[in-house]
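Structural features, examined
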Amino acid sequence: GGAADPLLPAEGGGGRRAPFLLRALRIAVVVCLYWFTSIAMVFLNKYLLDSPSLRLDAPLFVTFFQCALTAALCLGLSLGAACGPPCAGLPTLRLDPKVSRSVLPLSAVFIGMVTSNNLCLKHVGVAFYNVGRSLTTVFNVLLSYLLLKQTTSLYALLACGVIIGGFWLGVDQEGAEGTLSWTGIFFGILASLCVSLNAIYTKKVLPVVDGSIWRLTFYNNINACVLFFPLMVLLGEFRTLYHFDKLGSPSFWGMMTLGGVFGFAIGYVTGLQIKFTSPLTHNVSGTAKACAQTVLAVIYFEETKSFLWWTSNLMVLGGSFAYTWVKGLEMRKIQEDPNVKSGERNETGV
């Protein structure tokens, strides 16, 4: 029920019902938007990275273009801040070399994260993509202990054990079906590690940009664009692009631009989902989205998977859901404990 929405009149017995329906509708729209953006981005990136019809072997260039477009969109929205209320909350962006240098360590981790994510997707199928990079939760626990000296409860560790078991079973089943790519597995594990490191470094670097996610996104992607250039030269991707037969195709650049827009939008819709629900609900929604994405990929690519292959996916998804649920219960218990100091609550919440 909750409090009445100030935008709606409360008349008779329906005064409390209408705001509830409106809030439920908002949440449903935001969750659907998150699912659509995330799933569409994965399928679109798979096309750009590994489509037989496109035949573009330049994964770093695809990632570089998306980073450049994200930086350009951040700058464009910042310039629109003077246009009126819709953009008034956005900070003014300008490139400060000193801030850029301070953000550089995070940018190196960020490059590792986005590159390994894309390389994992390039070498494995969309259906296995979720399992291939499912160890993020395990690395979160490991790095929290090694770097932050935070211990983890037995139930959370058991959930991590289920995730690891699902990961190994999935690798085994991919091998049994003849579709296993050890290169894809390597980049999936690396992506999981980089996602965990990215969260830790983001928390450290945020004060440098006055706590603004927009500024951090801008500097991160600007730095990434600069760092990608020597990597592309080293791996000969400029030579690949020179011989690419669709470099002048408007449809190719349209798909590239669309991929960059989805990559930019995923951060915004993720924030929206957390704002209108909660971090716990966001994680549950992400787990359910991964399940739907796997099923859609199997149907779209007309694949046939074994019972044990589906079991591995269910173990990864179930372990992730159980870990999220356990951590949510632990956080609620800490928040309700009057003996816990406010600062400790906030730290645990992060």
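Rules used throughout
- Residues numbered from 1 in each chain as written.
- Predicted model: local features only at pLDDT ≥ 70, side-chain atom pairs only at ≥ 80, totals over all residues.
- Heavy atoms only, no water.
- Salt bridge = Lys/Arg side-chain N within 4 Å of Asp/Glu carboxyl O.
- Helix = DSSP H or I, 4+ residues; strand = E, 2+ residues; numbered from the N terminus.
- Buried < 20%, exposed > 50% of the residue type's maximum accessible area, 1.4 Å probe, protein only.
- Axes fitted to C-alpha atoms, helices over the stretch in contact; angles between N-to-C directions.
- Parallel < 35°, antiparallel > 145°, perpendicular 65-115°, else oblique.
- Left-handed = near helix turned anticlockwise from the far one by under 90°.
- Nonpolar A, V, L, I, M, F, W, Y, C, P; charged D, E, K, R; others polar.
- Phe/Tyr/Trp six-rings, centres within 6.5 Å; stacked < 30°, edge-to-face > 60°.
- Contact = heavy atoms within 4.5 Å.
- Expected span 1.5 Å × (residues − 1).
- Core = buried A, V, L, I, M, F, W, Y, C linked by side-chain atoms within 4.5 Å.

**Quick word on the pattern of salt bridges**
This model, assessed by the stated rule, comprises eight salt bridges. K305 is the partner of E177 in a salt bridge, and the nearest nitrogen-oxygen pair spans 3.4 Å. Taken together, the positions of E177 in the loop between α6 (154–176) and α7 (182–205) and K305 in the loop between α11 (279–300) and α12 (307–336) put the pair 128 residues apart, joining distant regions of the chain. Taking relative accessible area as the criterion, E177 reaches 28% and is therefore assigned partly exposed. Taking relative accessible area as the criterion, K305 reaches 16% and is therefore assigned buried.

**Brief notes about the packing of α6 against α12**
For the pair α6 and α12, interaxial distance at closest approach is 8 Å and the crossing angle is 160 degrees. Classified by the angle between their axes, α6 and α12 sit roughly antiparallel to one another. Crossing angle aside, the handedness with which α6 passes α12 is left-handed. Its residues placed into classes, the contact of α6 with α12 shows 15 nonpolar, eight polar and two charged.

**Observations regarding the packing of aromatic side chains**
Taken as a whole and judged by the stated rule, the model has 16 aromatic pairs. For the pair Y300 and F301, a centre-to-centre distance of 5.0 Å together with 90 degrees between the ring planes defines the contact as edge-to-face. For Y300, a relative accessible area of 59% corresponds to the exposed category. Centroid distance W309 to W310: 5.0 Å. Interplanar angle 90 degrees. Geometry classified as edge-to-face. One aromatic cluster is present, formed by F61, F65, F244, F252 and W253 through successive ring pairs.

**Remarks on the environment of I200**
By the element assignment, I200 lies in helix α7. Residues I200 and S144 lie 56 residues apart in sequence; the distance between their C-alpha atoms is 8.8 Å. Contacts of I200, omitting those with residues within four sequence positions, involve L143 and L147.

**Here's the deal with helix α8 (residues 213–234)**
Taking 1.5 Å as the rise per residue, α8 with 22 residues should run 32 Å; its terminal C-alpha atoms sit 31 Å apart, in good agreement. Here α8 has its buried residues at L216, F218, Y219, N220, N221, N223, A224, C225, F228 and M232. On its buried side, α8 packs onto α2 (59–79), α3 (97–123), α7 and α9 (237–242).

**Things to note about the nonpolar core**
One broad rule of soluble globular proteins: the nonpolar side chains tend to lie buried together. Ranked by size, the top nonpolar core spans 55 residues in total, and within it L56, F61, F128, F228 and M256 carry the most contacts. Every residue in contact with L56, bar those within four places of it in the chain, is listed here: L48, L49, V62, K122, L241, F244 and F252. If you look at the next biggest cluster of nonpolar residues, it comprises 11 residues, including C74, L93, V99 and Y219.

**Describing helix α5 (residues 136–148)**
For α5, the set of buried residues is T136, T137, V138, F139, V141, L143 and S144. Buried residues along α5 sit against α6, α7 and α12. Of the residues one or two after α5, K149 is the one with positive phi, at around 60 degrees.

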